[in-house]
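Next come the chains, spelled out residue by residue.
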Amino acid sequence: MILTLEWTPEGVRFIDQTKLPLEESYVLATSYQQVADVIVTMVVRGAPAIGVSAAMGIALGAKQTKASTTEEFAPEFEQICNLLAGTRPTAVNLFWAIDRMKVLFSKLQAREATLAEVQEALLADALAMYDEDIAACKQMGAYGADLMPDEGTVLTHCNAGALATCGYGTALGVIRGAVERGKRIHVFADETRPFLQGARLTAWELMADGIETTVLCDNMAASLMRQGQIQAVVVGADRIAANGDVANKIGTYGVAVLAKEHGIPFYVAAPWSTIDRATLTGDAIPIEERAAIEVTHHGGKQLTPNGVGIRNPAFDVTPAKYVTAIITERGILKAPYSESLQAMELIAQ
Ligand code: MRU
């Protein structure tokens, strides 16, 4: 299995996703500041992986504190959480993981836990999140496999795979689940400009699993859909609003509109931690704008004229009306999503 990130006695170890597929190398973050840096520079990326990385960063900060009591550590804990929360704004899993660590810390403070107990408990919870993430992906894979065609081509956008999670993947987990059941799936991976998560990462991890994959330039899906060459679309999500609007990698919205026009089902696979019921609609989801250099340059080579205007929003919002179903580890959600989410929340309680 691909080790996207891993807790080690020396720090948090990440496969360097900026170097894949040409080089399989690893980065060891030995401080929480380095974990934050690894998230910002996209050595690690993908909503669930970002969340668990932040939790491990907090555990690492606690382990390395020079404070001698829980009380003395409290302001530093806040500072660690704030630094990690400032890394990437769209993936709600980041805030979900940090909030979960904050709730745990408050409980430990309330029962006057020693600093050693706090350090142990924060690490145990970060490791639990890691295991829960893999289990959630496998469950999504099992539920989502039913929705995949017995035979055919499935389009995905960006990388919502093992590399975007602690293992197995969300959208790619659904594809893996279908393949494990004997379904004959060929994957079309959108290259996903400008960071090329599809061309570099999705292609790399699916090929490692022996799943037939073809990379498409982002502008090819329309024509291939019209020719009947795509039977389903499955993507991940960075944040799902209470009404079912989905924020995901820039370009997802266009794919969803095309899928609807061509009568192709458009599925979103995401863990429950990606659902943000406090955000009522997609319009309220913050969209990260990344550096222009990701668009102006590729592999160190300039592509655009000096001084030209550049936009680089990293995500877009797909309105719920384009989403055929949302696959979660709790089950499959269908429109109207606000009701479906509410019902599944109640069942889980
Ligand atoms: O900018 P990235 O690479 O972090 O964006 C990743 C995506 O958009 C994924 O589709 C999303 O995080 C879901 S990952 C399971």
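A quick note: this is a predicted structure, and the numbers were derived from the prediction, not measured.

(A) Quick peek at the confidence of the model for the protein. When pLDDT is averaged along the protein, the result is 97, and 100% of the positions lie at 70 or above. Model confidence for the protein, summarised as mean pLDDT per element, is weakest for helix α11 (residues 337–348) at 88 and strongest for strand β7 (residues 232–235) at 99.

(B) Seen up close, empty space enclosed by the protein. Applying the stated criterion across every chain, the model contains two cavities of 30 Å³ or more. One number sums up the size of the largest cavity: a volume of about 190 Å³. G46, A47, N159, D238 and N248 are the residues nearest the centre of the largest cavity, which is lined by 22 residues in total. Elements with a contribution of two residues or more to the lining of the largest cavity: α2 (47–64) and β9 (246–249). Taken together, the residues of the lining of the largest cavity sort by class into eleven nonpolar, seven polar and four charged. Here the lining of the largest cavity gathers at least three residues from each of two domains, domain 1 (5–138) and domain 2 (147–348). Volume-wise, the second largest cavity comes out at about 60 Å³. Contributing to the lining of the second largest cavity are M42, T192, R193, P194, F195, Q197, K249, I250, R290, E294, N312 and A314. Looking at the lining of the second largest cavity residue by residue, the class counts come to five nonpolar, three polar and four charged.

(C) The arrangement of the site of the ligand in detail. Residues in close proximity to the ligand total 18 residues, the closest being R45, R88, D238, N248 and K249. A distance of 2.8 Å is found between an oxygen atom of the ligand and a side-chain nitrogen or oxygen belonging to R45. Summarising the interface, the protein chains cover 100% of the accessible area of the ligand, which totals 410 Å² for the free molecule. Counting atoms within 2 Å of the grid points, the majority share of the ligand lands in the largest cavity. Here the residues of the shell around the ligand are counted per class, giving eight nonpolar, six polar and four charged.

(D) Representation of the packing of α2 against helix α4 (residues 92–110). Contact geometry for α2 and α4: axes closest at 7 Å, N-to-C directions at 30 degrees. Judged by the angle between their axes, α2 and α4 are roughly parallel. The crossing of α2 and α4 is right-handed. Seen from α2, the contacting residues are A47, P48, I50, G51, A54, A55, I58 and A59; seen from α4, they are N93, L94, A97, I98 and M101. Among the residues making up the contact of α2 with α4, the classes are represented as eleven nonpolar, two polar and no charged.

(E) Geometry of the sheet that holds strand β4 (residues 151–156). Taken together, the seven strands give an open sheet; going across it, the order is β6-β5-β4-β7-β10-β15-β16, and neighbouring strands pair in mixed fashion. Two strands bound the open sheet, and with one partner strand each, they are β6 (213–216) and β16 (331–333). Each neighbouring strand pair of the sheet contributes to a mean axis angle of 25 degrees, computed without reference to strand direction. Relative to strand β5 (residues 184–190), β4 runs parallel, the two sharing six bridges. The residue of β5 that forms the bridge with L155 is F188. The strands touched by helix α7 (residues 197–208) within the sheet are β4, β5 and β6, with β5 carrying the most contacts at an inclination of about 160 degrees.

Rules and cut-offs
- Residues numbered from 1 in each chain as written.
- Predicted model: local features only at pLDDT ≥ 70, side-chain atom pairs only at ≥ 80, totals over all residues.
- Heavy atoms only, no water.
- pLDDT = per-residue confidence, 0-100.
- Helix = DSSP H or I, 4+ residues; strand = E, 2+ residues; numbered from the N terminus.
- 1 Å grid on protein atoms, 1.4 Å probe; cavity = no way out; pocket = protein on both sides within 12 Å on 5 of 7 lines; lining within 4 Å.
- Points joined across faces, edges and corners; volume = space filled by probe spheres on them.
- Nonpolar A, V, L, I, M, F, W, Y, C, P; charged D, E, K, R; others polar.
- Domains from an automatic or database assignment.
- Near = heavy atom within 4 Å.
- Polar contact = N/O pair within 3.5 Å; in protein donor to acceptor, adjacent residues only side chain to side chain.
- Areas by Shrake-Rupley, 256 points an atom, 1.4 Å probe, with all protein chains shown as cover.
- Sits in = over half its atoms within 2 Å of the grid points.
- Axes fitted to C-alpha atoms, helices over the stretch in contact; angles between N-to-C directions.
- Parallel < 35°, antiparallel > 145°, perpendicular 65-115°, else oblique.
- Left-handed = near helix turned anticlockwise from the far one by under 90°.
- Contact = heavy atoms within 4.5 Å.
- Pairing = 2+ DSSP bridges.

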